[in-house]
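Chain residues, written in single-letter form:
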Amino acid sequence: MNANLIQSSEGTPWAEWQQAARLARATWISPQQLCPPGRRLVLIAPHPDDEILMAGGLLTHFRGREDDLLLIAATDGEGSHPSSEYWTEHRLRRQRPLESRQALQQLDLDLNRLNWRRLNLKDGGLPREEAFLVNHLTQALRSDDVLMATWRDDGHCDHEAVGRAAAQAALARKAQLVEVPVWAWHWAQPDDPRLPWPRAHRIELDEAALARKRKALAAHVSQLQPDGPRPPVLPARLLDCLLQPFELVFL
Ligand SMILES: [Zn+2]
C-alpha cells in the first residue's frame, strides 16, 4: 500500500476507535517509565512531521534533558505532493525541515542542545535504503537506549522500511524497540486483528503535553492545507486519533 492509496479513503474516525475493546485494554505507561532520566531515546522519523505524529507528547518531556535525545530524520519529505504544481519536490525539500524545526520549538526543546541528524534519503525510497538504515542505527545505538520507529506494518513503504531496520538494529544492540503506528490509525478498523495488540501500550499525556503536541503539529503547514482541489495530506480524522491524551506504541 502506498501513501496515495492510503489517503484515498476517509479513514476510521476516532468515535469508532473509542469503542475498541482491545485499544481500551492497552496498558498505560508514563513517559518517565518508558524513558527515565539518563536513558536516551533515539527516534527515527521517516518524514518530517512523523516525529510529532508518533511522539510529540512524549518529546515534550525531554525539555531540559535534550542530551537524552537523538532525533534522526530519514528523508526531507519531498514526496508528499506528487502531482502538485505549487508543492514541488524542490520547495518541499526546503519547507518541510523548516516545519520540523518550528514544531520542535513549539515543544519547547532547546534546538542548540538537540542532537538532530538529517540523512537526506529519498522520500519513497527507504525500502532500497534498508541496509544503510540498519547500519546507521546500529552504529548510533547504545545497549540501554530506547529506539523508537514507525511500526513495520504501518502501510506506508517508508514507515515499514524504518520499522524493519529499527527492529534489526535494536536486536543487534539489545536496545529496547518501540514501534509506533501512524497511518494504521487511518486504514485499520478498531480492534483490527492485523495490529499486534498484545504489545500495545498507551503513553499517557497530560493536558500540557497534548497542547504542545497540537501546536507542534500546526507547524506542518504544507501537510495541513488543501492544495487546490486536493485535500490536505494529513486527513482530519487521522489527526483526531493522534491528538488524544495518549500515544499508542507497540513494545
Ligand atoms: Zn511519514
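Residues numbered from 1 in each chain as written. Predicted model: local features only at pLDDT ≥ 70, side-chain atom pairs only at ≥ 80, totals over all residues. Heavy atoms only, no water.

Draft legend 1. Here's a closer look at the overall build of the protein. Broken down by element type, the protein carries 12 helices and eight strands. Taking 2.2 N^0.38 as the reference for a compact globule, 251 residues should give roughly 18 Å; the C-alpha atoms of the protein span a radius of gyration of 17 Å, in line with that estimate. Summarising its shape, the C-alpha atoms of the protein cover approximately 50 × 40 × 35 Å along the three principal directions. Out of the 251 residues in the protein, the part that is buried amounts to 57%. By sequence separation, contacts in the protein at least 24 residues apart represent 82% of the contacts at least 6 residues apart. (Helix = DSSP H or I, 4+ residues; strand = E, 2+ residues; numbered from the N terminus. Rg over C-alpha atoms; globule rule 2.2 N^0.38 Å. Buried < 20%, exposed > 50% of the residue type's maximum accessible area, 1.4 Å probe, protein only. Contact = heavy atoms within 4.5 Å.)

Draft legend 2. Local environment of the nonpolar core. Counting 57 residues, the largest nonpolar core has Trp17, Leu23, Leu41, Leu59, Met148, Trp185 and Leu248 as the members making the most contacts within it. Residues contacting Leu248, with those up to four places away along its chain left out, are Leu23, Ala26, Val180, Pro181, Trp185, Trp197, Ala200, His201 and Arg202. Ranked by size, the runner-up nonpolar core spans 24 residues in total, among them Leu119, Leu133, Ala149 and Ala169. (Core = buried A, V, L, I, M, F, W, Y, C linked by side-chain atoms within 4.5 Å.)

Draft legend 3. Expanded view of the coordination of the zinc ion. For the zinc ion, the protein coordination sphere consists of His47 (ND1), Asp50 (OD), Asp50 (OD) and His159 (NE2), at 2.1 to 2.8 Å. With four donor atoms in place around the zinc ion and angles of 51 to 139 degrees between them, the coordination shape is irregular. Donor residues for the zinc ion sit on one chain with the sequence pattern H-x2-D-x108-H. You can call His47 buried: its relative accessible area is 6%. (Donors = N, O, S within 2.8 Å, 3.2 Å for Na, K, Ca; no water. Tetrahedral: all angles 85-135°; square planar, octahedral: opposite > 155°, others 65-115°.)

Draft legend 4. Expanded view of the packing of aromatic side chains. This model, assessed by the stated rule, comprises nine aromatic pairs. Ring geometry for Trp28 and Phe246: centres 6.0 Å apart, planes at 85 degrees, overall edge-to-face. Of this pair, Trp28 sits in strand E1 (residues 27-29) while Phe246 sits in strand E8 (residues 246-250), placing them 218 residues apart in sequence. On the accessibility criterion, Phe246 (6% relative accessible area) is buried. When the centroid spacing of 5.3 Å and the interplanar angle of 70 degrees are considered together, the rings of Trp151 and Phe250 count as edge-to-face. (Phe/Tyr/Trp six-rings, centres within 6.5 Å; stacked < 30°, edge-to-face > 60°.)

Draft legend 5. Layout of helix H7 (residues 130-140). The set of residues buried in H7 consists of Glu130, Leu133, Val134, His136, Leu137, Thr138 and Ala140. Elements in contact with the buried residues of H7: strand E2 (41-45), strand E3 (69-75), strand E4 (115-121), strand E5 (146-150) and helix H8 (157-173).

Draft legend 6. Summary view of the pattern of salt bridges. Following the criterion strictly, the structure yields 17 salt bridges and no others. A salt bridge links Arg93 to Glu78, with the nearest nitrogen and oxygen atoms 3.9 Å apart. Of this pair, Arg93 sits in helix H6 (residues 89-106) while Glu78 sits in the loop between E3 and H6; the two residues are 15 residues apart in sequence, bridging distant segments of the chain. Across the salt bridge formed by Asp192 and Arg194, the nearest N and O atoms sit 2.7 Å from each other. By relative accessible area, Asp192 is classed as buried at 3%. Connected via shared salt-bridge partners are Arg63, Asp108 and Arg212. (Salt bridge = Lys/Arg side-chain N within 4 Å of Asp/Glu carboxyl O.)

Draft legend 7. Geometry of the pairing of E2. Counting buried positions over the five residues of E2 gives five, a clear majority of the element. Here E2 shows no split at all, with Leu41, Leu43 and Ala45 on one side and Val42 and Ile44 on the other all buried. In the sheet, E2 pairs with E3 via five bridges, with the strands oriented parallel. The residue of E3 that forms the bridge with Ala45 is Ala73. Note that the unit made of E2, helix H5 (residues 50-60) and E3 has a crossover that is right-handed. (Pairing = 2+ DSSP bridges. Right-handed = clockwise from strand over helix to strand, strands pointing away.)

Draft legend 8. Looking closely at the environment of Ala169. In this fold, Ala169 is placed in helix H8. A relative accessible area of 0% places Ala169 in the buried class. Separated by 22 residues in sequence, Ala169 and Leu147 have C-alpha atoms that sit 8.9 Å apart. Look past the residues within four positions of Ala169 in its chain and what remains in contact with it is Val134, Leu137, Thr138 and Leu141.

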